[in-house]
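# Observations on the model geometry
Residues per chain, in single letters:
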Amino acid sequence: MTSGPLNMVNPFAVLESPGTLAGDFYARSFEKKAGPNRVILNLGPQHPSTHGVLRVLVELDGEYVVRAEPVLGYLHRMHEKMGEVKTPWQYIPNMGRVDYLHPLAWNWAFVGAAEKLAGLTVPERAEYLRVIGCELNRIGSHLLWWGAFVMDLGGFTPILYAFEEREKINDILQIITGSRLTMANFRFGGVITDADDRFIGLIQEFIPYLRKRLVMYKGLVTDNVILRRRLEGIGPMDVDLCQRYGATGPILRAAGLPRDLRKDCPYGVYPKFNFPIPSGPVNDSFGRYLVRLKEIETSLDIVEQAVNSLPNGPIMMDKAPKVSFKLPAGETYFAVEGARGQIGVHLVSDGGKNPYRVKLRAPGFSNLSLFAEAAKGSLLADAIAILGSLDLVIPEIDR
Amino acid sequence: MSDQNKNLDAKNLDAKNLDAKTIDAKTIDIDKWLKAWKAHGAYTLSKHDPHKDGIAVSAFLPLTALLGAAKELYQNKFLLLDLSALEAQEGYVVTYHFDHLESSFRLAFRALVSRKKPSLPSIHPIFPGAEWHEREAYDFFGLTFDQNPNLIPLLLPDDFAGPPPLRKTTAALAPIAKLGLLGQVEILDADFGALIGQTGGLSS
């Protein structure tokens, strides 16, 4: 390393001399492609706006982003390898840990894949309970995203409101899942705990309560001029961009395409419910904000219909698989609509004790991959808004 | 100022603008893709029960045809869901899952990669989102992708020293035919059929 006149390290000299070690592997790899007179800025992995442990390297020209590269893996736990060394039964709790904001959708994706492969049918009451759990979970996920997103933009208060509602949802879901975060109440052929009167009662109180609160959110946050100025026209993402990067969920719907697996490739008892798929009208960060808030309302509609028509009956199929359950040889791909987009499980079995291969398709992984292109040319502060509008859950991306 | 007021008009945010539009769910045109892949020199063509397998149709393609097949899917409104690799007795099987923007169910094409030269062409030029999926397969299976612009570790640390974690021991390997990847299959290439233990013609 060379030293400056005051015997201080000259950072530019470090960058220019090959062989000296400045930064880590990813920083060095990134800065090799940097232009002259550019600043390389490292965001994260510990940074409030990266929602957990995401790291983003950006090349700046003044305050504008010339190039960005997310660096992943800080929360990597090799869930796919665990899928191969555990029995299917032992693997269910892993699903609650892949995406801690929408664990029941991951439960459904894996359990659903195993049920397809083994040809199991789920009793109707269990299907209803799956829908109720999954939709309440989606509301909780969207609310937390809402709070954290507004916090990214400098507004602290909304996250306190969001957590208040989320606590209520957790109180409800705790009754049927026994946990408040890493929920795993799905089993092959049904669910493990039945709904009781308290569960139904709390939901019936919660639905009108949240509807009222959503009106307040609109006045408090959505119509706020500062928020609108920070989001409108920022980070447009059209259908072609989504298609090239595989982005799904609210991002694709905000781009104008009402693509939702609950309608387009229905699973469970979703065809029995009447609900709209919000999409558009604008494909910028504000459009994505609107679509997610609208989805909270549609999820409430679904929960209301499901609770009102909840059938009686068993919650597990007859002769449900035991702990020693083995998957028959074969392959299947089962996908559900998670809060962030299409969650897919590619399950391959050779008929042995453990699955042969479990490939987890995390929507956040594909959604984040378009960030580099979407952020190009934007102000750094707007890039943070774009990142927030993608609704990232890092453990799901890193798996 | 009036412009700003207009911008803030609460009506903009009303549900009217977010009216539900739903797509008429239709299933993928199976015959169209069987024919298209045959033209790409497919080794095998498979029909699947989409309600059970989740995909409607699949094929094993030669490595040289991957980019062309991906381009054709891109032009027909398909998006790349994921790239799922696995190790079988015959080598590495890389499955590219695609979802159609306006239909139910999915389709997939696959490539068989030998252990001696575990390398494939990248489909990054068509689907830039494939870059990360390919880097993941590079991490987990040690597969390399020509033309991938940034083939460095993605999920594993850069100094990870062990063998790729999802490779299997020889004893644990299963043949492709046993893994149910073939569905109702038509073998178009006799050599390939012999490799995966299937004779010519239609079998299920």
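Since the model is a prediction, treat every value here as computed from it, not as a measurement.

Now for the overall build of chain A. Counting its regular elements, chain A contains 17 helices and eight strands. Taken along the three principal axes of its C-alpha coordinates, chain A extends 80 × 55 × 35 Å. By the burial criterion, 52% of the 399 residues in chain A qualify as buried. For chain A, restricting intrachain contacts to residue pairs at least 6 apart in sequence, the fraction spanning at least 24 positions comes to 68%.

Attention now moves to the sheet that holds strand S1 (residues 39-43) of chain A. All names here are of chain A. Taken in spatial order, the three strands of this open sheet run S1-S2-S3, and their pairing is antiparallel. The open sheet has two edge strands with one neighbour each: S1 and strand S3 (64-71). Going from strand to strand, the sheet's axes swing by 20 degrees on average, the running direction of each strand aside. The pairing of strand S2 (residues 55-61) with S3 spans seven bridges and is classified as antiparallel. When the bridges of S3 are listed, Leu57 appears paired with Glu69.

Attention shifts here to the sheet that holds strand S8 (residues 357-361) of chain A. Residue and element names in this part refer to chain A. Taking strand neighbours across the sheet as the criterion, the three strands line up as S6-S7-S8 in an open arrangement whose pairing is antiparallel. The open sheet terminates on both sides in strands that have one partner only, identified here as strand S6 (330-338) and S8. Ignoring which end each strand starts from, the neighbouring axes of this sheet average 10 degrees apart. The pairing of S6 with strand S7 (residues 341-349) spans nine bridges and is antiparallel. When the bridges of S7 are listed, Glu337 appears paired with Gln342. The sheet strands contacting helix H5 (residues 103-118) are S6 and S7, and the helix crosses S6 at an angle near 150 degrees.

Turning our eyes to something else, we now look at the interface of chain A and chain B. Listed per partner, the contact involves 54 residues of chain A and 45 residues of chain B. For the side of chain A that touches chain B, the leading source of residues is S6(A), giving six residues. Residues belonging to the side of chain A that touches chain B are distributed by class as follows: 22 nonpolar, 15 polar and 17 charged.

Bringing the nonpolar core into the picture now. Among the nonpolar cores identified, the biggest contains 175 residues, and Ala109(A), Phe110(A), Leu61(B), Ala85(B), Val94(B) and Leu143(B) are the most heavily contacted of them. Per element, the largest residue contribution to this core is 14 residues, and it comes from helix H6 (residues 124-152) of chain A. Shared between two domains, this core takes at least three residues from each, and those domains are domain 1 (11-71) and domain 2 (79-398) of chain A. With residues near it in sequence (within four places) discarded, Ala85(B) still touches Tyr92(B), Val93(B), Val94(B), Ala137(B), Phe140(B), Phe141(B) and Leu143(B).

What follows deals with H6(A). For H6(A), spanning 29 residues, the distance from its first C-alpha to its last is 42 Å, which sits close to the expected 42 Å at 1.5 Å a residue. Looking one or two residues beyond H6(A), the residue adopting positive phi is Gly154(A), at roughly 105 degrees.

Further remarks concern the packing of H6(A) against helix H13 (residues 285-308) of chain A. All names here are of chain A. Across the interface, H6 lies against H13 with an axial gap of 9 Å and an inter-helix angle of 155 degrees. On the basis of the axis angle, H6 is roughly antiparallel to H13. Like other packed secondary-structure pairs, H6 and H13 cross with a definite hand, here left-handed. Residues Tyr128, Val131, Ile132, Glu135, Leu136, Arg138, Ile139, His142, Trp145 and Trp146 of H6 touch H13, and the partners they reach there are Arg292, Glu295, Ile296, Ser299, Leu300, Ile302, Val303, Ala306 and Val307. Class assignment of the residues belonging to the contact of H6 with H13 gives a composition of 13 nonpolar, two polar and four charged.

Glancing now at unusual backbone geometry. Even without a glycine there, the phi angle at Lys319(A) is positive, about 50 degrees. Its location among the elements puts Lys319(A) in the loop between H13 and S6. One non-glycine residue, Gln147(B), adopts positive backbone phi at about 75 degrees. As for its position among the elements, Gln147(B) is in the loop between strand S7 (144-146) and strand S8 (184-187).

This part covers the confidence of the model for chain A. All names here are of chain A. Confidence in the prediction of chain A, expressed as mean pLDDT, is 88, and 94% of residues score 70 or more. Considering each helix and strand of chain A separately, the mean pLDDT is smallest for helix H1 (residues 11-16), with a value of 49, and largest for S8, with 94. Across residues 1-11 the pLDDT falls below 50, and counting only partners more than four positions away or on other chains, this stretch makes 10 contacts in the model.

Another aspect to go through is the environment of Val56(A). All names here are of chain A. The topology assignment puts Val56 in strand S2. Residue Val56 is classed as buried on the basis of its 24 C-beta neighbours within 10 Å. For Val56 and Thr157, which are 101 residues apart along the polypeptide, the C-alpha to C-alpha distance reads 26 Å.

So, how was this worked out
Residues numbered from 1 in each chain as written. Chains lettered and ligands numbered in written order. Predicted model: local features only at pLDDT ≥ 70, side-chain atom pairs only at ≥ 80, totals over all residues. Helix = DSSP H or I, 4+ residues; strand = E, 2+ residues; numbered from the N terminus. Buried ≥ 20, exposed ≤ 12 C-beta atoms within 10 Å, placed from the backbone. Contact = placed C-beta atoms within 7 Å. Pairing = 2+ DSSP bridges. Axes fitted to C-alpha atoms, helices over the stretch in contact; angles between N-to-C directions. Nonpolar A, V, L, I, M, F, W, Y, C, P; charged D, E, K, R; others polar. Core = buried A, V, L, I, M, F, W, Y, C linked by C-beta atoms within 7 Å. Domains from an automatic or database assignment. Expected span 1.5 Å × (residues − 1). Parallel < 35°, antiparallel > 145°, perpendicular 65-115°, else oblique. Left-handed = near helix turned anticlockwise from the far one by under 90°. pLDDT = per-residue confidence, 0-100.

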